[in-house]
Amino acid sequence: MSDAAATADELLAELRARGAILSGHFRLSSGRHSNLFVQKFRILEDPPLVERVARALAAHARALAPTVVVSAAVGGIVLGYEVARQLGTLGIFVEKENGVPALRRGFALDPDDRAFVVEDVVTTGGSVREGLDVVRARGAKTAGVGISVRRAPADFGVPPTALLDLPIESFDPEHCPQCAAHEPITEPGSRFLKSK
Ligand SMILES: [Zn+2]
């Protein structure tokens, strides 16, 4: 791959080549179940690939003139950091405090700030919405949302950009056909990062 911004086709090819699209019975971080899982760390473990994915999101973000990049959750820190580096802004992140999404560690936003909220793999968009709520609660503006892999459309009240749309069916546990068939479920492993 070159140093240019990754395209959707290139990201999909990389995910496939790296075995990052897994088949099974998975409990996603959203709590929903799916027979496919995207192991985002096959991207995040490779800095040059992260750089190219971030370049695509940063190119979109520049027109929105953000003053800060906010990773929507701990799992989005790696990508958000690289987007911020390319934009020349600070990069901060939302994490849970007593189970509630918050900015900790002295991270500050003021009313003049325009936050670009970044998340990697998005299924329901719950963490993005939580990140946007944290930004608004601090009185700052939301400039936009950048997502690397979007598994389902979601409405955030601000325009999102997704590098790759990869629609994958997911189910409430009560309506999951694999649960109905008593198939053992896998926790893919990003959940513990988000619940801290
Ligand atoms: Zn299930």
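Read on for an overview of the structure. (Residues numbered from 1 in each chain as written. Predicted model: local features only at pLDDT ≥ 70, side-chain atom pairs only at ≥ 80, totals over all residues.)

### A few points about the pairing of strand β3 (residues 68-71)
- Alternating positions in β3 separate into two faces, Val 68 and Val 70 on one and Val 69 and Ser 71 on the other, with burial throughout.
- Of the pairings in the sheet, the one linking β3 to strand β4 (residues 90-93) comprises four bridges and is parallel in character. Note that in β4 the partner of Ser 71 across the bridge is Phe 93.
- In terms of handedness, the path from β3 via helix α4 (residues 77-87) over to β4 forms a crossover that is right-handed. (Buried ≥ 20, exposed ≤ 12 C-beta atoms within 10 Å, placed from the backbone. Helix = DSSP H or I, 4+ residues; strand = E, 2+ residues; numbered from the N terminus. Pairing = 2+ DSSP bridges. Right-handed = clockwise from strand over helix to strand, strands pointing away.)

### Here's the deal with the nonpolar core
- Within the largest apolar cluster, 49 residues are counted, with the highest numbers of intra-cluster contacts made by Val 53, Leu 57, Val 70, Val 83, Ala 115 and Val 117.
- If you tally residues by element for this core, the top one is helix α3 (residues 47-62), at seven residues. (Core = buried A, V, L, I, M, F, W, Y, C linked by C-beta atoms within 7 Å.)

### Remarks on the packing of α3 against α4
- Taken N-terminus to C-terminus, the directions of α3 and α4 make an angle of 55°; their axes are 8 Å apart at the nearest point. Relative to α4, α3 is oriented oblique. Judged by the sense of rotation from one axis to the other, the crossing of α3 with α4 is right-handed. Residues Val 50, Glu 51, Val 53, Ala 54, Arg 55, Leu 57, Ala 58, Ala 61 and Arg 62 of α3 form the contact with α4, whose participating residues are Val 78, Leu 79, Glu 82, Val 83, Gln 86 and Leu 87. (Axes fitted to C-alpha atoms, helices over the stretch in contact; angles between N-to-C directions. Parallel < 35°, antiparallel > 145°, perpendicular 65-115°, else oblique. Left-handed = near helix turned anticlockwise from the far one by under 90°. Contact = placed C-beta atoms within 7 Å.)

### What to know about the sheet that holds strand β8 (residues 141-150)
- Spatial strand order, β4-β3-β7-β8-β9: five strands in an open sheet with parallel pairing. Here the strands that pair on one side only, and so sit at the sheet edges, are β4 and β9 (160-165). Each adjacent strand pair in this sheet contributes to an overall mean axis angle of 20°, direction not counted.
- As defined by bridge partners, β8 adjoins β9 across five bridges and the pair is classed as parallel. Along β9, the bridge assignment pairs Val 149 with Leu 164.

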